[in-house]
Amino acid sequence: MAAAAGEVRLIGGWPSPFVLRARVALNLKGVEYEFLQEKFGEKSELLLRSNPVYKKVPVLLHHDKPVCESMIIVEYVDAAWAKSGQAILPADPYERALHRFWAVYIDDKWFPSMFGIAKAQTEEAKAESVEQAWAALKLLEEAFEKLSKGKAFFGGGTIGYVDIALGAYLGWAKVIEQMAGLKLFDEEKTPLLAVWAERFCAHEAVKEVMPETEKLMEFAKMLRGK
Amino acid sequence: MAEGENKGLVLLDFWVSPFGQRCRIALAEKGVEYEYREENLRDKSPLLLKSNPVHKKIPVLIHDGKPVCESLIIVQYIDEAWPDRAPLLPADSYARAQARFWADLVDKKMYESGTKLWKLKGEAQEEAKKEFIEILKLLEGELGDKKYFGGDTFGLVDIALVPFTAWFYSYEACANLSAEKEAPKLVPWVKRCRERESVSKSLPDPLKVYEFVCFLKKLCSWHVNGHLCRPEYIVGGFRHGRLTSFVG
């Protein structure tokens, strides 16, 4: 269902995994939107006005009304365009609770450990973060087995809430894998997730908006240089 | 098939936990009967460990044997599992997104900031006070002149925040911070919430909370090697990641 011009705008930055979540959700629903790319290092007036609390991207503007926080945006898009595309969250309340639980886990546990690998100042600190990241992925592998019910995604046959939550980090995961010289989504440790990762990145709703690893590497180098 | 929708509901909880209280309030609003089980967080029950193997924390709501974890997720689950009465979230999807945003903000800010008030001293406590006052003012601004955060209906944001009001007495006693003075517009809202049976029955006596805080402070003064002790092994019900930012 195409939105009228100007009806849907997304304020964001191309490298942000949080922005990517919003984009994938909008793509899944076939929503046309204007992407307002923020200039790196500068926050636009529109952003500051639309998200005065956190002053962060992404912000979805629907009829100029702002929605902030990536997973809240995803849930909003799912509800606001309920009649388009496939449901992002399942209908059953218990399944929804499970999806929400794992999305929170991904942000609270997986992301900090993955980020910890990049930030680590010593080999020891790095090793610790790597162990934590792998441990988190093991739990997510089990979750995938339960939630996917043998199908391709956490959401079953189609990309769902947890897929978006975790999948958004895949671009940066590849950068960290290269920089740290290791595999996070390891076929031996987490075989289901290793396959899922490729599948997610290749999905129609994702491949155009997932940032290229080389571009992210350059961006990361620039950040480090700062 | 369950005989009545009340069959098989167990809430694993700890009396002083604001996160557990959110669940109690939500269940009471829906008029749903459940079995309350107080956990000894120094000796967690096998049921708790089995039901929340990832975090091993309360609250956990077990519905017909199926566990739901994380307080705001539990509250939304309660709302969705009993959709026929006392809606805790608005019908409109934009309003729902706003409710989730503010409930999430309470989650991100209130507990950590509030804990710093009674844990820290001197300069650090003064900083914590400034931070806490900012959060209160932000919430006050969002409430405005509305009856509740969601408007006329008591809902998710009220449920997320109101348990922390039982700690206001402790914040004043420990940090000389009067939430009522700093955010006067919240005062009528607190009163209004407490008039609801679901809230008055679920929140602890602020004096008992203060006793508990004093107990925690004593424990914290028995620290080893200058590191502040981490009380979450006692209370366990709080989001792990949030405490580590200022411990040790």
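Treat the numbers as computed from the prediction; the structure is a model and nothing was measured.

1. As for the overall build of chain A
The secondary structure content of chain A amounts to 10 helices and four strands. At 17 Å, chain A has a C-alpha radius of gyration in line with the 17 Å of a compact globule built from 226 residues. Overall, the C-alpha framework of chain A stretches about 50 × 45 × 30 Å when taken along its three principal axes. The buried share of chain A, taken over its 226 residues, is 54%. Put simply, 67% of the contacts in chain A that link residues at least 6 apart link residues at least 24 apart. Computed over 29 positive and 32 negative side-chain charges, the separation of the two mean positions in chain A equals 3 Å.

2. Examining the UniProt feature "domain: GST C-terminal" (unreviewed entry) in chain A
The UniProt feature table records "domain: GST C-terminal" (unreviewed entry) at residues 92–219 of chain A. Secondary structure across residues 92–219 of chain A comprises 73% helix and 0% strand; the distance between its end C-alpha atoms is 41 Å.

3. Examining the interface of chain B and chain A
A common way to report how large an interface is uses the accessible area buried once the components associate. Listed as interface residues are 28 residues of chain B and, on the opposing side, 24 residues of chain A. When chain B packs against chain A, close to 2,300 Å² is buried across both sides, 68% of that on carbon and sulfur atoms. Our count for the chain B to chain A interface comes out at four salt bridges. The closest approach of N and O atoms between E80 of chain B and R100 of chain A, which form a salt bridge, is 3.1 Å. Counting every contact that joins chain B to chain A gives seven residue pairs in polar contact (both at pLDDT 80 or more). Looking at the side of chain B that touches chain A, the elements that each hand over two or more residues are β4 (66–69), α3 (71–81), α4 (93–119) and α13 (240–244) of chain B. If one sorts the elements of the side of chain B that touches chain A by residue count, α4 of chain B sits on top with 12 residues. Per-class residue counts for the side of chain B that touches chain A are 13 nonpolar, five polar and 10 charged.

4. Some details on the layout of surface pockets
A volume near 480 Å³ is recorded for the second largest pocket. As for the second largest pocket, its lining consists of 20 residues, of which L98, F101, W102 and K146 of chain A together with P53 of chain B are closest to the centre. Of all the secondary structure elements, the ones that give two or more residues to the lining of the second largest pocket are α4 (93–119) and α5 (123–148) of chain A together with α2 (46–51) and β4 of chain B. Considering every element that reaches the lining of the second largest pocket, the biggest residue donor is α4 of chain A, with six residues. Tallied by class, residues from the lining of the second largest pocket come to 13 nonpolar, two polar and five charged.

5. Observations regarding the pattern of salt bridges
Inspection of the entire model under this criterion finds 26 salt bridges over all chains. A salt bridge links R100 of chain A to E75 of chain A, with the nearest nitrogen and oxygen atoms 2.5 Å apart. Linking R100 of chain A in helix α4 with E75 of chain A in helix α3 (residues 70–80), this pair joins segments that are 25 residues apart in sequence. For the pair R100 of chain A and E75 of chain A, a shared accessibility class is recorded, and that class is buried. Ionic contacts of the salt-bridge type, sharing partners, join the residues E75, R96 and R100 of chain A together with E80 and R100 of chain B into one network.

6. So, the sheet that holds strand β2 (residues 34–37) of chain A
All names here are of chain A. Read from one edge of the open sheet, four strands run β2-β1-β3-β4, paired in mixed fashion. The open sheet has two free edges, formed respectively by β2 and β4 (65–68), since each of these has just one partner strand. Across the sheet, the mean angle separating the axes of adjacent strands is 25 degrees when strand polarity is ignored. Judged from the four bridges that link them, strand β1 (residues 8–12) and strand β3 (residues 59–62) form a sheet pairing that is antiparallel. Bridging across to β3, R9 finds its partner in L61.

7. Thoughts on empty space enclosed by the protein
Residues and elements named next belong to chain B. By the definition in use, this model includes two cavities of 30 Å³ or more. Together, M110, Y111, G114, T115, W118, W167 and Y171 line the largest cavity. Looking at the lining of the largest cavity residue by residue, the classes come out as five nonpolar, two polar and no charged.

8. Observations regarding α4 of chain B
Residues and elements named next belong to chain B. Its 27 residues give α4 an end-to-end C-alpha distance of 39 Å, which sits within 8% of 39 Å, the value for a rise of 1.5 Å per residue. Taking burial as the measure, the 27 residues of α4 include 21 buried ones, the bulk of the element. For α4, the side-chain oxygen to backbone nitrogen distance between the N-cap and Y94 is 3.2 Å, and the N-cap itself is D92.

9. Brief notes about the packing of helix α1 (residues 18–29) of chain B against α3 of chain B
Residues and elements named next belong to chain B. With their axes 9 Å apart at the nearest point, α1 and α3 run at an angle of 5 degrees to one another. On the basis of their axis angle, the class for α1 and α3 is roughly parallel. Between α1 and α3, the residues in contact are F19, R22, C23, A26 and L27 and S71, L72, I74, V75 and I78, respectively. A breakdown of the residues in the contact of α1 with α3 according to their chemical character gives eight nonpolar, one polar and one charged.

About the cut-offs
- Residues numbered from 1 in each chain as written.
- Chains lettered and ligands numbered in written order.
- Predicted model: local features only at pLDDT ≥ 70, side-chain atom pairs only at ≥ 80, totals over all residues.
- Heavy atoms only, no water.
- Helix = DSSP H or I, 4+ residues; strand = E, 2+ residues; numbered from the N terminus.
- Rg over C-alpha atoms; globule rule 2.2 N^0.38 Å.
- Buried < 20%, exposed > 50% of the residue type's maximum accessible area, 1.4 Å probe, protein only.
- Contact = heavy atoms within 4.5 Å.
- Lys, Arg positive; Asp, Glu negative; His and termini not counted.
- Charge placed at Lys NZ, Arg CZ, Asp CG, Glu CD.
- UniProt positions renumbered as here; feature names shortened; annotations may be inferred.
- Buried area = accessible area lost by both parts, 1.4 Å probe.
- Salt bridge = Lys/Arg side-chain N within 4 Å of Asp/Glu carboxyl O.
- Polar contact = N/O pair within 3.5 Å; in protein donor to acceptor, adjacent residues only side chain to side chain.
- Nonpolar A, V, L, I, M, F, W, Y, C, P; charged D, E, K, R; others polar.
- 1 Å grid on protein atoms, 1.4 Å probe; cavity = no way out; pocket = protein on both sides within 12 Å on 5 of 7 lines; lining within 4 Å.
- Points joined across faces, edges and corners; volume = space filled by probe spheres on them.
- Pairing = 2+ DSSP bridges.
- Axes fitted to C-alpha atoms, helices over the stretch in contact; angles between N-to-C directions.
- Expected span 1.5 Å × (residues − 1).
- Parallel < 35°, antiparallel > 145°, perpendicular 65-115°, else oblique.

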